[in-house]
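# Inside the fold
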Amino acid sequence: MNFPLVQRILGLLLMVFSVTMLPPMFVSWLYNDGNWDAFLDGALLIFFIGGLIFFPVRRARGELKIRDGFMIVCAFWIGLGLAGCVPLLIADLPVMGFSDAVFESVSGLTTTGATVLVGLDTLPHSILYYRQQLQWLGGMGIIVLAVAILPLLGVGGMQLYRAEFPGPVKDTKLTPRITQTARALWVIYLILTVACAVAYRLAGMEWFDAIGHSFSTVAIGGFSTHDTSIAWFDSTAVEMVCIAFMFLAGINFSLHFVAWQRIRPLRLEHRPSGLPRLRRRSRGQVSATEAARGYLLDPEFRAYATVLGGLFLIVTVALKLQDVYPTWQEALTKGLFQVVSIGTTTGFATADFADWPRAVPVLLILASFIGGCAGSTGGGIKVIRWVLIYKQGVREMSRLLHPAAEIPVRLGTRGVPPRVVEAVWGFFSTYVVVFGALMAVLMFFGLDQVTAFSAIAATLNNLGPGLGDVAQNYAGIGDMSKWVCVTAMVLGRLEIFTLLVLFTSDFWRQ
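Residues numbered from 1 in each chain as written. Predicted model: local features only at pLDDT ≥ 70, side-chain atom pairs only at ≥ 80, totals over all residues. Heavy atoms only, no water.

## Thoughts on the packing of aromatic side chains
As a reminder of what qualifies: Ring pairs shown here join Phe, Tyr and Trp side chains whose ring centres sit within 6.5 Å, with only the six-membered ring taken for Trp; geometry is labelled stacked below 30 degrees between planes, edge-to-face above 60, and tilted in between. Working rule: Lys NZ or Arg CZ, within 6 Å of ring centre, within 35 degrees of ring normal, means a charge sits over the ring.
Inspection of every chain in the model, using the stated rule, returns 28 aromatic pairs. Three or more aromatic residues joined by ring pairs make a cluster, and in this case those are Y129, W136, W186, Y189, F215 and F253. The ring of F427 has R385 sitting right over it, with the charged end atom 3.7 Å from the ring centre.

Have a look at this one:
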């Protein structure tokens, strides 16, 4: 393993991360909340530590191997998670211990959205902004990790991400280089964020809330600037904007890239005669309608929309039949919002779903195990893996009737290699074992079954809110339980194998 090169990249990342302290420092000046020095001191400290790591090996060069990739990815999330807690520790308000500060920082960067803070409405604007910014930066890191890096490492079936559309826009890849791919994804991510902020503002939010919530919406994070989350605004327009962008952020960003790259709207051009004509598309361009068909032809997107749609119908009918809401309209809006929020693992709320009757809260928590699409900012096991597990189950039933038949697992018109199916089953089984082990540890530390189950489900799936004692926040659980949840957040965000492989003897064997 090329340790000097890994050290060089980690030091460089920390120095770059220190620059992200400048926007919240500006917010502190703008609102005169007195916290600007906490971010300045944090920036200087993080830059200094990054420099100590970087400069001794600044001339290190070489080709990155697969092991180096795993080490860099893990060091990236763990290192930035620890660095992100520095301003929270230094600030006068809120008063946070080390465990709480790390929990909040890791929750933000992994876009989990679980919080130990209470009284958000009274916190300084700079702290509120910083939390939202952590999620936005973490969300972009997830996209680049999932689409540009993990496929190269072959982690747990993530090589299945769809970099092209089937059908009318087939044979269109993202870009040939990781740097180009990352740059293209940044542009898409930024466009979605700006569009979301403007939509929130038009729906009635103030600019501060609109920008902050656009960060956490597109990142599928769930942090809010208010204790009651999106419910604080009491606006159907705000809720509809939030639903739309949560749904978009839960889609594979490769699909967004290919669709937007290929769309060139027809425009009117004026000829010398003065009569307008439609400008012809250049070769390879498609209309917006054809690009939309590209989404519908993607098997993962169809499954994603079907799961959310079916869950929406079940939850809405249950809420109305059990008289949780007096009208169908209210049941529809509350049900739709919670389904999309929890199904995409965002974690925003317009109602206290933990108090909904019977099986509805548990059903929503179970939906977070599905999560968003591969290559999105969503958490969970990912839709594509569940699609393959379902298809594998159907194939096994067919084999019972036709034992001698060769029945491939297909995604659309393509056969899936057996190695990929094995990787998905390996990931799923490991996910279940890790979930059970972490849940048992939380129960050992004194949490009841409902709280322990939902806390691990919410953190391992990067959801945020849970049931029982963690329905509102995680402030009431002990420090040891918080560290278990921090471990679950990192494991869930790094697709489990990426971190666990570091603890195998093969990884360290020369």
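From this point, things continue past the structure.
## Some points on the nonpolar core
Rule in force here: The criterion is simple. A nonpolar core is a set of buried Ala, Val, Leu, Ile, Met, Phe, Trp, Tyr and Cys residues joined through side-chain atoms within 4.5 Å. Whether a residue is buried, partly exposed or exposed follows from its accessible area with a 1.4 Å probe, protein chains only, as a fraction of its type maximum: under 20%, in between, or over 50%, in that order. Strands here mean DSSP runs of E at least two residues long; helices mean DSSP runs of H or I at least four residues long; both are numbered from the N terminus. Contacts are assigned to residue pairs with any non-hydrogen atoms lying within 4.5 Å of each other.
W356, L364 and Y474 are the most contacted members of the largest nonpolar core, which has 138 residues in total. Among the elements that make up this core, the one with the highest residue count is helix α17 (residues 418-444) (10 residues). Beyond its immediate chain neighbours, meaning those up to four positions away, L364 contacts L311, V315, Q338, V339, I342, F353 and W356.

## Section: helix α9 (residues 207-218)
Note the following rule: Given the number of residues in a helix, its expected span is that number minus one, multiplied by 1.5 Å.
The first and last C-alpha atoms of α9 sit 16 Å apart over 12 residues, in line with the 16 Å expected at 1.5 Å per residue. For α9, the tally of buried residues reaches 10 of 12 residues, placing the bulk of the element in the interior. Restricting attention to buried positions, one finds in α9 the residues F208, D209, A210, G212, H213, S214, F215, S216, T217 and V218. Positive phi appears at I220, one or two residues downstream of α9, with a value of about 50 degrees.

## Description of the side chain of Q132
Going by this rule: Pairing of N or O atoms within 3.5 Å defines a polar contact, subject to two protein rules: one partner must be a possible hydrogen donor and the other a possible acceptor, and residues neighboring in sequence count only if both atoms are side-chain atoms.
Mapped onto the elements of the fold, Q132 is located in helix α7 (residues 125-153). Here the side chain of Q132 touches S216 through a polar contact of 3.1 Å, side chain to side chain. Not counting the four nearest positions on each side in its chain, Q132 is found in contact with G212, H213, F215, S216, F223, S224 and T225.

## Let's talk about the confidence of the model for the protein chain
The test is simple: pLDDT is a residue-level measure of predictor confidence that goes from 0 to 100.
A residue-level look at the protein chain finds 86% of positions with pLDDT of 70 or above and a mean pLDDT of 85. A low-confidence stretch, residues 265-270 stays under pLDDT 50, and its non-local contacts, those more than four residues away or across chains, total 16 contacts.

## Considerations on the pattern of salt bridges
Our working definition: We define a salt bridge as a contact between a side-chain nitrogen of Lys or Arg and a carboxyl oxygen of Asp or Glu at a distance within 4 Å.
Inspection of the entire model under this criterion finds seven salt bridges. A salt bridge links E104 to R131; the shortest N-O distance between them is 2.9 Å. Residue E104 is found in helix α6 (residues 98-109), and its partner R131 is found in helix α7; the two are separated by 27 residues along the sequence. A single burial state applies to E104 and to R131, both of which are buried. The shortest N-O distance in the salt bridge between E396 and R399 comes to 3.0 Å. Remark: R399 and E396 occur in helix α16 (residues 383-401); sequence separation between them is three residues, near one turn of the helix.

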